[in-house]
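Residues per chain, in single letters:
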Amino acid sequence: QVQLVESGGGLVQPGASLRLSCAASVSIFIVSSAGWYRQAPGKERELVAVITSANNTHYGDSVKGRFTISRDNAKRTVSLQMNSLKPEDTAVYYCNVYGTNFPHRYDYWGQGTQVTVSS
């Protein structure tokens, strides 16, 4: 049973930092891509950041320069360092691990962790 367990969410003031972590019980994590998505109330889920197995990264436009995604293959974790948080960053953040274990594709999601940015 694959599990993705997120941690690190919470309530912070604008301008503060948070670090989200996701522990993945995916045996082929090292060859997987991983990412973070978020969904605010009344809005669609959107990409925050992804990191490939080769450590290539891609960020959503709204978080470029403020958020940094990283991974630790030995610990099977993917993290999201969030700096200069804004109220519009308030959302449930979801961890995602995906890839292809030929011929099958896999796509796993965590339960989500709430991030609230408010004064």
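One structure accompanies this document, and this report is about it.

About the cut-offs
Residues numbered from 1 in each chain as written. Predicted model: local features only at pLDDT ≥ 70, side-chain atom pairs only at ≥ 80, totals over all residues. Heavy atoms only, no water. Helix = DSSP H or I, 4+ residues; strand = E, 2+ residues; numbered from the N terminus. Rg over C-alpha atoms; globule rule 2.2 N^0.38 Å. Buried < 20%, exposed > 50% of the residue type's maximum accessible area, 1.4 Å probe, protein only. Contact = heavy atoms within 4.5 Å. Areas by Shrake-Rupley, 256 points an atom, 1.4 Å probe, with all protein chains shown as cover. Lys, Arg positive; Asp, Glu negative; His and termini not counted. Charge placed at Lys NZ, Arg CZ, Asp CG, Glu CD. Polar contact = N/O pair within 3.5 Å; in protein donor to acceptor, adjacent residues only side chain to side chain. Phe/Tyr/Trp six-rings, centres within 6.5 Å; stacked < 30°, edge-to-face > 60°. Lys NZ or Arg CZ within 6 Å of the ring centre and 35° of its normal. Pairing = 2+ DSSP bridges. Axes fitted to C-alpha atoms, helices over the stretch in contact; angles between N-to-C directions.

So, the overall build of the protein
Phase 1 of the analysis: The helix and strand inventory of the protein stands at zero helices and eleven strands.
Phase 2 of the analysis: Relative to the compact-globule value of 14 Å for 119 residues, the protein shows a C-alpha radius of gyration of 14 Å, a close match.
Phase 3 of the analysis: Its C-alpha atoms put the protein at 45 × 25 × 25 Å along the principal axes.
Phase 4 of the analysis: Residues classed as buried in the protein amount to 39% of the 119 residues present.
Phase 5 of the analysis: Within the protein, residue pairs in contact and separated by at least 24 positions form 54% of the contacts whose partners lie at least 6 positions apart.
Phase 6 of the analysis: Looking at the protein as shown, the accessible area adds up to about 6,600 Å², and 47% of this sits on carbon and sulfur atoms.
Phase 7 of the analysis: Each charge class in the protein was averaged separately, 11 positive and 8 negative side chains, and the resulting centres sit 5 Å apart.

Points about the side chain of Thr 113
Phase 1 of the analysis: The topology assignment puts Thr 113 in strand 11 (residues 113-117).
Phase 2 of the analysis: A residue is classified by how much of its surface remains accessible, and Thr 113, at 12% relative accessible area, is buried.
Phase 3 of the analysis: In this structure the side chain of Thr 113 is engaged in a polar contact, spanning 3.4 Å, whose partner is the backbone nitrogen of Gly 9.
Phase 4 of the analysis: The contact partners of Thr 113, leaving out residues within four places of it in the chain, are Glu 6, Gly 9, Leu 20, Ala 91, Val 92 and Tyr 93.

Considering the environment of Val 2
Phase 1 of the analysis: Tracing the chain through its elements places Val 2 in the segment before strand 1 (4-7).
Phase 2 of the analysis: Separated by 104 residues in the primary sequence, Val 2 and Tyr 106 have C-alpha atoms spaced 11 Å apart.
Phase 3 of the analysis: For Val 2, the residues in contact, after removing those within four places along its chain, are Ser 25, Val 26 and Tyr 108.

What to know about the packing of aromatic side chains
Phase 1 of the analysis: For the structure on display, the rule yields two aromatic pairs.
Phase 2 of the analysis: Arg 45 extends its terminal NZ or CZ atom over the ring of Tyr 94, reaching a point 3.9 Å from the ring centre.
Phase 3 of the analysis: Sitting over the ring of Phe 29, Arg 71 keeps its end group 4.6 Å from the ring centre.

A closer look at the sheet that holds strand 8 (residues 77-82)
Phase 1 of the analysis: In spatial order, the strands read 1-3-8-7; together these four strands make up an open sheet with antiparallel pairing. A single partner strand is all that each edge strand has here, and the edge strands are strand 1 and strand 7 (67-72). Taking the axes of each pair of neighbouring strands and ignoring which way they run, one obtains an average angle of 15° across the sheet.
Phase 2 of the analysis: In this sheet, strand 8 lies alongside strand 7 in antiparallel orientation, the contact comprising six bridges. Of the residues in strand 8, the one forming a bridge with Phe 67 is Met 82.

These values are about where atoms sit, not about what they do.
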